[in-house]
Amino acid sequence: MSTAVPLRGEALCRGFGEAGTRTEVLRGLDLEIPAGQITVVTGRSGAGKTTLVNLLSGLDRPDSGRVVLDGEDLHLLPEPELLEIRRRRLGLVFQDFGLIPVLTAAENIEVPLRLLSAPTGERTERVRELLDRMGLARHGGHRPGELSGGQQQRVGIARALAASPGIILADEPTAQLDADTAASVMDLIRELTFEQGLATLVTTHDPLVVERADRVLELHHQANRPA
Ligand SMILES: Nc1ncnc2c1ncn2[C@@H]1O[C@H](COP(=O)(O)OP(=O)(O)OP(=O)(O)O)[C@@H](O)[C@H]1O
Ligand SMILES: [Mg+2]
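This brings us to the side chain of Ser 57. With respect to the element layout, Ser 57 can be found in the loop between α1 (49-56) and β4 (64-69). Its relative accessible area of 1% is what places Ser 57 among the buried residues.

If you want it as structure tokens, here you go:
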């Protein structure tokens, strides 16, 4: 197993609101997302899980502290480079799946490859490979509305992996799934993490996700600490 750490947060601070009513959500958080492992961030609603994912994915900036991706401070990169590195290195998986309803499963998976201007043949081959791997070979032509929640999330995972980003950030990926489906989606994320040496971060409230973690970080103490 690789011990490389492609993504880390160092002394991350992020708060919201004006002075007086301000809430400091993250206060000096350090974490590492090592390759070949699932790092689970847990904590109740409002603990700061999504806030953390937004910082690590470059969607939001920390008030202080650093996000280090492949040795570079993510937030010091100029905007075009930040966008490029996010597309190439980060695969995002969402609670509500985040699929485009008018596109088929195959077309949804292809989106990141189009954004990177991958050649048509390469895109088609990669999409077919991912549909097979996700057990969706017969569903490539279906729109999200024609798929079950578990199938939609497998499309979401395939899309996240399409550009071979190496790092997966999944914010409560099982929250909308029943227990059996959630378990199978997490088992799939686990297999992919080991097979491909992915650096995987999953946030959750769900004990069955925590059970499948290699490392667990609890956030609620941070959020609940008095100002
Ligand atoms: N853009 C924002 N503006 C103001 N407050 C925000 C913003 N984003 C998050 N917060 C606040 O920060 C705190 C943490 O929110 P966050 O969404 O990170 O929690 P969470 O752990 O993801 O919760 P959940 O389990 O419900 O998804 C909450 O109190 C929330 O209201
Ligand atoms: Mg959240």
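It is the contact of helix α5 (residues 149-161) with helix α6 (residues 179-196), at a shortest axis distance of 10 Å, that shows an interaxial angle of 20 degrees. In terms of orientation, α5 lies roughly parallel with respect to α6. Where α5 crosses over α6, the two elements pack in a sense that is right-handed. Listed contacts from α6 to Gly 150, Gln 153, Arg 154, Ile 157 and Leu 161 of α5 are Thr 181, Val 185, Leu 188, Ile 189, Leu 192 and Gln 196. Partitioning the contact of α5 with α6 into residue classes produces 6 nonpolar, 4 polar and 1 charged.

Turning our attention to empty space enclosed by the protein. Gaps between atoms show up when a probe of the same size as a water molecule is rolled over them. The tally for this structure, following the rule as stated, stands at 1 cavity of 30 Å³ or more. If you add up the space inside the largest cavity, you get close to 50 Å³. Every residue lining the largest cavity is listed: Val 93, Ile 157, Leu 161, Ile 168, Ile 189, Leu 192, Thr 193, Leu 198 and Thr 200. If you list the elements that add at least two residues to the lining of the largest cavity, you get α5 and α6. No other element matches α6, which puts 3 residues into the lining of the largest cavity. Residue composition of the lining of the largest cavity, grouped by class: 7 nonpolar, 2 polar and no charged.

The next thing to look at is the site of ligand 1. Close to ligand 1 lie Phe 16, Val 25, Arg 44, Ser 45, Gly 46, Ala 47, Gly 48, Lys 49, Thr 50, Thr 51, Glu 172 and His 205, which account for all nearby residues. Thr 51 is positioned with one of its side-chain polar atoms (N or O) 2.6 Å from an oxygen atom of ligand 1. Against a free-state accessible area of 630 Å², the protein chains account for coverage of 56% of ligand 1. A class-by-class count of the residues in the shell around ligand 1 yields 3 nonpolar, 6 polar and 3 charged.

Glancing now at the side chain of Arg 14. Within the secondary structure, Arg 14 sits in strand β1 (residues 7-16). Side-chain polar atoms of Arg 14 contact the backbone oxygen of Arg 61, separated by 3.2 Å. With residues up to four places along the chain from it excluded, the contact list for Arg 14 reads Glu 24, Val 25, Leu 26, Thr 51, Leu 55, Asp 60, Arg 61, Pro 62 and Asp 63.

Below, the discussion takes up the pattern of salt bridges. Counted by the stated rule, this structure contains 17 salt bridges. One salt bridge in this structure joins Arg 14 and Asp 60, with 2.8 Å as the shortest N-O distance. With Arg 14 in strand β1 and Asp 60 in the loop between α1 and β4, this pair connects stretches of sequence that are 46 residues apart. The pair formed by Arg 14 and Asp 60 is uniform in burial state, with each residue classed as buried. Between Arg 22 and Glu 24 there is a salt bridge; the shortest N-O distance is 2.8 Å. Judged by relative accessible area, Arg 22 falls into the partly exposed class, the value being 32%. Among the ionic contacts, a cluster of salt bridges with common partners joins Arg 14, Arg 22, Glu 24, Asp 60 and Asp 63.

What counts, and at which threshold
Residues numbered from 1 in each chain as written. Chains lettered and ligands numbered in written order. Predicted model: local features only at pLDDT ≥ 70, side-chain atom pairs only at ≥ 80, totals over all residues. Heavy atoms only, no water. Helix = DSSP H or I, 4+ residues; strand = E, 2+ residues; numbered from the N terminus. Buried < 20%, exposed > 50% of the residue type's maximum accessible area, 1.4 Å probe, protein only. Axes fitted to C-alpha atoms, helices over the stretch in contact; angles between N-to-C directions. Parallel < 35°, antiparallel > 145°, perpendicular 65-115°, else oblique. Left-handed = near helix turned anticlockwise from the far one by under 90°. Contact = heavy atoms within 4.5 Å. Nonpolar A, V, L, I, M, F, W, Y, C, P; charged D, E, K, R; others polar. 1 Å grid on protein atoms, 1.4 Å probe; cavity = no way out; pocket = protein on both sides within 12 Å on 5 of 7 lines; lining within 4 Å. Points joined across faces, edges and corners; volume = space filled by probe spheres on them. Near = heavy atom within 4 Å. Polar contact = N/O pair within 3.5 Å; in protein donor to acceptor, adjacent residues only side chain to side chain. Areas by Shrake-Rupley, 256 points an atom, 1.4 Å probe, with all protein chains shown as cover. Salt bridge = Lys/Arg side-chain N within 4 Å of Asp/Glu carboxyl O.

Function cannot be inferred from these measures alone, as they are strictly geometric.
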